[in-house]
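# Residue-level structural notes
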Amino acid sequence: MATDGAAVFAETIEKDQRVEPRDWMPDGYRKTMVRQIAQHAHSEIIGMQPEGEWITRAPSLRRKAILLAKVQDEAGHGLYLYAAAETLGADRGDLTRRLIEGRQKYSSIFNYPTLTFGDVGVIGWLVDGAAICNQVPLCRSSYGPYARAMIRICKEESFHQRQGYELLMTMMRGTPAQRDMVQNAVNRWWWPSLMMFGPPDADSPNSAQSMAWKIKRHGNDELRQRFVDMTVPQAEALGVTLPDPRLRWNAEREQHDFGDPDWAEFKRVVAGDGPMNKARIAHRRRADEEGAWVREAAAAHAARRREAGPSPSGGRS
Amino acid sequence: MSDEIRHEWPLFEVFVRAKRGLNHVHVGSLRAADHEMALHHARDLYTRRNEGVSIWVVRSDDIVASGPDVKDAFFAPSGDKAYRHPTYYSIPDSVPHI
């Protein structure tokens, strides 16, 4: 079976078809997939916090409604992804526990604080923009349930980026203080956004295997370049400066040259020593603990209903 | 205590009818304590943007599926029955409407 399975798996990858949950797959593939999907799901859930903090402080009912919808989307994206991870035999509750105990990671970008409402706009523009660059190729990832979840996520992500950019355009038409607020937020989020694509390919040990399995389709550096090239004209249209003295158009390459992010900082933040790591996990742990009684009550209610007999509301519609 | 219970919510598969006249299509799965909660969660999770007019939820462990190991036994026999397809039959071009 294993040898047959291995041949079928190799052929599936070779022919660019999708691997589905009950297919045979190498242990390494399964482990890599669970790790990547879980890390992605955790990022969506932790990613609710930096913007969630601003829902009550957003300056108008319109902005509150938009931000609420966006944060609700992040929750939804996390759940699509946990569901995809569960098709590989992972358990959602167990994954949450691994997150809270620090045994699984999430994107380091969410370990930076959102100091002003300008940050909310910049997160939509740059952070969600970088996420879109990363995620669009994942819609063709070799694992079927992950690719399908990514298609759904990408459809919704575009709203996130556009609301952020629109918010920034509005602030840039405002007072000098509002424009400074936007520029200040851009200065703080630019480098962490570039770090979202991961370390340079040469220092990214898992990349080659993930490319061979067609989990990943592009290298980190290629996607980072694509993001920079997309973002520069958007920054110009907005009227902000990207905080990189080495950033300039290279006519020969027909791409932008740009500086290196501080990879030592990246490693520190990934290792747990960013400005908000402890607060993010403490918040997630508290939400989990404070929600426990609700989950228990719902389970007890469902058990009692089962004992009382079948539900009357069956039937297809 | 809570450690034991928190993972006991069963898994449900969700099917959404995008609009009248179309089949319900599988969109994903979720965890819920019972069918009623599964419907509500499915509404929140899979139809935030007018994706549907009707939802089915089915407990995942109630689904019986053919596995990849029986793929040939199930589906290979239809491979050599070309005569089930209309293009198998040659009809002169001069014959209309067929």
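Throughout what follows, the structure given in this document is the object of discussion.

Rules behind the numbers
- Residues numbered from 1 in each chain as written.
- Chains lettered and ligands numbered in written order.
- Predicted model: local features only at pLDDT ≥ 70, side-chain atom pairs only at ≥ 80, totals over all residues.
- Heavy atoms only, no water.
- Salt bridge = Lys/Arg side-chain N within 4 Å of Asp/Glu carboxyl O.
- Disulfide = S-S within 2.5 Å.
- Buried < 20%, exposed > 50% of the residue type's maximum accessible area, 1.4 Å probe, protein only.
- Helix = DSSP H or I, 4+ residues; strand = E, 2+ residues; numbered from the N terminus.
- Arc of directions from axis to C-beta.
- Contact = heavy atoms within 4.5 Å.
- Polar contact = N/O pair within 3.5 Å; in protein donor to acceptor, adjacent residues only side chain to side chain.
- Core = buried A, V, L, I, M, F, W, Y, C linked by side-chain atoms within 4.5 Å.
- Buried area = accessible area lost by both parts, 1.4 Å probe.
- Axes fitted to C-alpha atoms, helices over the stretch in contact; angles between N-to-C directions.
- Parallel < 35°, antiparallel > 145°, perpendicular 65-115°, else oblique.
- Left-handed = near helix turned anticlockwise from the far one by under 90°.
- Nonpolar A, V, L, I, M, F, W, Y, C, P; charged D, E, K, R; others polar.
- Phe/Tyr/Trp six-rings, centres within 6.5 Å; stacked < 30°, edge-to-face > 60°.

### As for the pattern of salt bridges
Applying the stated rule across the entire model yields 26 salt bridges over all chains. Through salt bridges with shared partners, a single ionic network connects E51, K70, E74 and D128 of chain A.

### Thoughts on the state of the cysteines
As used here, a disulfide is simply a covalent bond connecting the sulfur atoms of two cysteines. Residues and elements named next belong to chain A. Inspection of every chain in the model, using the stated rule, returns 0 disulfides over all chains. C133 takes part in no disulfide bond, and the closest cysteine sulfur, belonging to C154, lies 10 Å away. The thiol of C139 is not disulfide-bonded; the next cysteine sulfur, from C154, is found 3.6 Å away.

### What to know about helix α5 (residues 92–100) of chain A
All names here are of chain A. Buried residues of α5: G93, L95, T96, L99 and I100, and no others. For α5, the angular spread of the buried residues around the axis is 160 degrees, confining them to a single face. Considering only its buried residues, α5 is in contact with α2 (27–46), α4 (61–86) and α12 (277–308). The backbone nitrogen of G93 has a side-chain oxygen 2.9 Å away, supplied by the residue at the start of α5, namely D91.

### Observations concerning the nonpolar core
Formed by 49 residues in total, the largest nonpolar core has its most connected members in W125, W189, W190, F227 and V240 of chain A. Of all the secondary structure elements, the ones that give two or more residues to this core are α4, α6 (117–135), α7 (144–172), α8 (176–195), α10 (220–238) and α11 (263–273) of chain A. Sequence-distant contacts of W189 of chain A, that is, excluding residues within four places in its chain, are made with I109, Y112, P113, T114, D119, V122, I123, L126 and V127 of chain A. Counting 45 residues, the second-largest nonpolar core is a separate cluster that includes L95, Y146 and I153 of chain A together with A42 of chain B.

### Section: the interface of chain A and chain B
Chain A puts 30 residues into the contact, and the matching count from chain B is 29 residues. Summed over both sides, the interface between chain A and chain B buries roughly 2,500 Å², with carbon and sulfur atoms accounting for 48% of that surface. Linking chain A to chain B there are 6 salt bridges. For R305 of chain A, the salt bridge is made with E36 of chain B, and the minimal N-O distance between the two is 2.9 Å. Where chain A touches chain B, the interface holds 10 residue pairs in polar contact (both at pLDDT 80 or more). Among the elements that take part in the side of chain A that touches chain B, α12 of chain A stands out by supplying 10 residues, more than any other.

### Points about the packing of α4 of chain A against α7 of chain A
Residue and element names in this part refer to chain A. For the pair α4 and α7, interaxial distance at closest approach is 10 Å and the crossing angle is 160 degrees. Considering the angle they form, α4 stands roughly antiparallel to α7. Crossing handedness for the pair α4 and α7: left-handed. Looking at the contact of α4 with α7 residue by residue, the classes come out as 12 nonpolar, 4 polar and 9 charged.

### Quick word on α11 of chain A
Residues and elements named next belong to chain A. Turning to α11, its buried residues are W263, F266 and V269. Projection of α11 onto a plane perpendicular to its axis shows the buried side chains occupying an angular sector of 120 degrees, all on one side. Opposite the buried face of α11, by more than 90 degrees, sit the exposed residues K267, A271 and D273. Where the residues of α11 are buried, they touch α8, α10 and α12. Capping the start of α11, D262 holds a side-chain oxygen 3.1 Å from the backbone nitrogen of A264, two or three residues further along.

### A short note on the packing of aromatic side chains
Enumeration over the complete set of coordinates arrives at 14 aromatic pairs over all chains. For the pair Y80 of chain A and Y46 of chain B, a centre-to-centre distance of 5.5 Å together with 20 degrees between the ring planes defines the contact as stacked. Taken together, the residues Y80 of chain A in helix α4 and Y46 of chain B in helix α2 (residues 35–46) connect one chain to another. Here the two residues Y80 of chain A and Y46 of chain B agree in accessibility, since each one is buried. When the ring of W263 of chain A is compared with that of F266 of chain A, the centres are 5.3 Å apart and the planes differ by 90 degrees; the resulting orientation is edge-to-face.

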